[in-house]
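The primary structure of each chain is shown beneath.
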Amino acid sequence: MELEGYGKGMYLQMAVDSLRNVVEKIHGPPGTGKSSTIYHIIHSRIPPGKSVLVTCARNKAVNSMVDKLRSRHKDVVVWGNINAPDLSPASKELFLEQLAHRERQQQSADAALAPPDPSRRAAPKPDEKMVRQSILSRVRIHLCTIDSTTRFLVRWKEEMKGHESSRKLELHTVIVDEAGCASESSMSLLVWLEPKNLILVGDHKQLGPFTQAPDGDCNQYNLRRSVLERCINGGTPGSAHTLTEQYRMHPELCDVVSRLFYQEKLVTNADVATRRTEAERLPVTWVPVRGNVSSVESSYYNEKEVEAAVIVAQTLRAVHGNDISIAVLTFYKGQVSMLNKAIAAARVRVNLVNTAEKCQGAEFDYTVISTVRGESSTIGFLKDPKRVCVALSRAKLGLIVVGNDEVLPCEWWRDWNAVYMASRVVRLAWWREALLWEPAGSSEKLQAHLLAGSYPGPEWEQHCLHDDPEHDLGYVRSFLWRP
């Protein structure tokens, strides 16, 4: 069955059409349209008049679902804390209080426009609770975070007390978005609701549930295992439906992510591949920096990498202007603090500076990753494949890794070796030189400039003959100013 308004390709449609079991698993790697999948499940698979609960790990996912649903479905309500800073204005508009306020305003406006009729007795004004009950009796789609589910159920029971629908909430389907970072224990309440179907949507290859339990307990009791990972690897009936066509990353970056984490099954949509390839000729770049690693408050920072990341961000912003989004990511809070100070001092506009784990679900045109670590014995968080997967898969056009090119590409650090081998290595001096251009130039000029000074990762060592950045600057100037 071809769905009306289908905009995400045959892989998504196949996943929606093949839902058969009471518990279904949909595995969606980065950029494959998980929110669109949920939208089409609601639109095409839930019987008319039946209710559905979509619960997510974070408010960011709630916002995404609101954006998908509000244009087509008017019977949506959002539950949780309306004052949460990460809720979008559109999501806050769908809280019960806001819906009731607008309905009362509409009733008052209708009453004011109605022609006077002396023979008709004025209808009693409905109280606020009656208005809210009327709204809830029509609502078909409930949205909330997993942590807000209990609040939602208690509030629903309180609001519907005395109403003909005050019996237990009946849900045809419960959909868990971001099930790859939902804990197994969070499922008990959702199962208690006794839905006819439970659909888990997410990616267990990215970061799992957050827990403050000691590492020993986490390893012994699998506390970092998500419910999606348990169901996929634990053998619940039916295999997982995998979305394999992605709509975010440049195809060259997608190839790296697919090879490292998704058994080379992830492919780029043809139209997206054309647009990304036309827009960016250097999708994966490595800026070699061999700085000292320092510790601060149980974390780490690298001053040379801070300087390099700021220069790269300045160059991207100067050349591309404000039309692009830039994120500077790292793996350590100490480096985040140093980056924030340096970026503020440089007065460069960056859309996000944070750790990789805080940006799961987000996407940007360009992502600059400061790896920090450079010791030969250990690389800390950089060994975690789930963290690395999140960090590498945020960029749409270009990924720039600022890191130690002597230690990280070693064979025993498999993930970073693969990134390095797929990269063009560009010394920092070439990024600095682009900042001297007057006027700033164009993205095509920057790409040509960086390509002229780059080498493939596998060939870099034979060209790395000088550690003096002034040598590079002299060569850059001879290239730029030759007749």
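As shown above, the structure is provided for reference.
Procedures and definitions
Residues numbered from 1 in each chain as written. Predicted model: local features only at pLDDT ≥ 70, side-chain atom pairs only at ≥ 80, totals over all residues. Heavy atoms only, no water. Helix = DSSP H or I, 4+ residues; strand = E, 2+ residues; numbered from the N terminus. Buried < 20%, exposed > 50% of the residue type's maximum accessible area, 1.4 Å probe, protein only. Contact = heavy atoms within 4.5 Å. Areas by Shrake-Rupley, 256 points an atom, 1.4 Å probe, with all protein chains shown as cover. Pairing = 2+ DSSP bridges. Axes fitted to C-alpha atoms, helices over the stretch in contact; angles between N-to-C directions. Polar contact = N/O pair within 3.5 Å; in protein donor to acceptor, adjacent residues only side chain to side chain. Phe/Tyr/Trp six-rings, centres within 6.5 Å; stacked < 30°, edge-to-face > 60°. Lys NZ or Arg CZ within 6 Å of the ring centre and 35° of its normal. Parallel < 35°, antiparallel > 145°, perpendicular 65-115°, else oblique. Left-handed = near helix turned anticlockwise from the far one by under 90°. Nonpolar A, V, L, I, M, F, W, Y, C, P; charged D, E, K, R; others polar. Arc of directions from axis to C-beta.

1. Looking at the overall build of the protein chain
1) Next: Across its full length, the protein chain carries 20 helices and 18 strands.
2) Next: Looking at the 483 residues of the protein chain, the share that counts as buried comes to 52%.
3) Next: Across the protein chain, the fraction of contacts at a sequence separation of at least 24, relative to all contacts at a separation of at least 6, is 77%.
4) Next: When the accessible surface of the protein chain is totalled, it reaches about 23400 Å², and 50% of it is carbon and sulfur.

2. Considerations on the sheet that holds strand β7 (residues 241-242)
1) Next: Spatially, the 7 strands line up as an open sheet ordered β3-β4-β2-β5-β6-β1-β7, and their pairing is parallel. Since the sheet does not close on itself, it has two edges, and those belong to β3 (76-78) and β7, each with one partner.
2) Next: As judged from the 5 bridges shared by strand β2 (residues 52-56) and strand β4 (residues 141-145), these two strands associate in the parallel manner. Residue Val52 lies in a different strand from β4, and its bridge partner there is Ile141.
3) Next: Where helix α3 (residues 59-69) meets the sheet, it contacts β2, β3 and β4, and its direction lies at approximately 160 degrees from that of β4.

3. Details of the side chain of Ser299
1) Next: Tracing the chain through its elements places Ser299 in strand β12 (residues 299-301).
2) Next: Relative accessible area serves as the criterion here: at 8%, Ser299 is assigned to the buried category.
3) Next: A polar atom in the side chain of Ser299 sits 3.4 Å from the backbone nitrogen of Lys333.
4) Next: Leaving out residues up to four positions away in the same chain, Ser299 has contacts with Ser294, Tyr332, Lys333 and Gly334.

4. Overview of the packing of aromatic side chains
1) Next: Within the structure shown, the criterion is met by 6 aromatic pairs.
2) Next: Seen from their ring centres, Tyr332 and Phe381 are 5.2 Å apart, and the 20 degrees between their planes marks the pair as stacked. Linking Tyr332 in the loop between β13 (326-330) and α14 (333-346) with Phe381 in the loop between β15 (364-370) and α15 (385-392), this pair joins segments that are 49 residues apart in sequence.
3) Next: For Tyr332, a relative accessible area of 4% corresponds to the buried category.
4) Next: Overall, the relative accessible area of 35% leaves Phe381 in the partly exposed class.
5) Next: The rings of Tyr300, Tyr332 and Phe381 are connected pair by pair, giving a single aromatic cluster.
6) Next: Between the NZ or CZ atom of Arg373 and the centre of the ring of Tyr300, over which it lies, the distance is 4.3 Å.
7) Next: Between Arg387 and the ring centre of Phe381, over which it is positioned, the NZ or CZ distance is 4.1 Å.

5. Quick notes on unusual backbone geometry
1) Next: One non-glycine residue, Gln263, adopts positive backbone phi at about 50 degrees.
2) Next: Looking at the element boundaries, Gln263 is found in the loop between α11 (251-261) and β9 (267-268).
3) Next: A positive phi angle, close to 45 degrees, is found at Glu297, a residue other than glycine.
4) Next: Topologically, Glu297 is positioned in the loop between β11 (294-296) and β12.

6. Brief notes about α11
1) Next: Of all 11 residues in α11, 8 are buried, a share of seventy percent or more.
2) Next: Every buried residue of α11 is listed here: Pro251, Leu253, Cys254, Val256, Val257, Ser258, Leu260 and Phe261.
3) Next: Looking one or two places after α11, you find Gln263, whose phi comes out positive at around 50 degrees.

7. Concerning the packing of helix α2 (residues 34-45) against α3
1) Next: Where α2 meets α3, the axes come as close as 10 Å, and the angle between the chain directions of the two elements is 50 degrees. By the angle class used here, α2 and α3 are oblique. The two elements α2 and α3 cross, and the hand of that crossing is right-handed. In this structure, α2 uses Ser35, Ser36, Ile38, Tyr39 and Ile42 to contact α3, whose residues at the interface are Ser64, Met65, Lys68 and Leu69.
2) Next: The residue makeup of the contact of α2 with α3, split by class, is 5 nonpolar, 3 polar and 1 charged.

8. Regarding helix α18 (residues 443-452)
1) Next: Listed in full, the buried residues belonging to α18 are Ser443, Leu446, Gln447, His449 and Leu450. Down the axis of α18, the buried set is contained in an arc of 165 degrees. They therefore lie on one face.

9. Some points on the sheet that holds strand β16 (residues 395-403)
1) Next: Read across the open sheet, the 7 strands follow the order β14-β13-β15-β16-β10-β17-β18; overall the sheet is mixed. In this open sheet, the two edge strands, each paired with only one partner strand, are β14 (352-355) and β18 (454-456). Across the sheet, the axes of successive neighbouring strands diverge by a mean angle of 25 degrees, strand direction being ignored.
2) Next: As paired elements, strand β10 (residues 284-288) and strand β17 (residues 424-426) share 2 bridges and run parallel to each other. Bridged to Trp286 within β17 is Val425.

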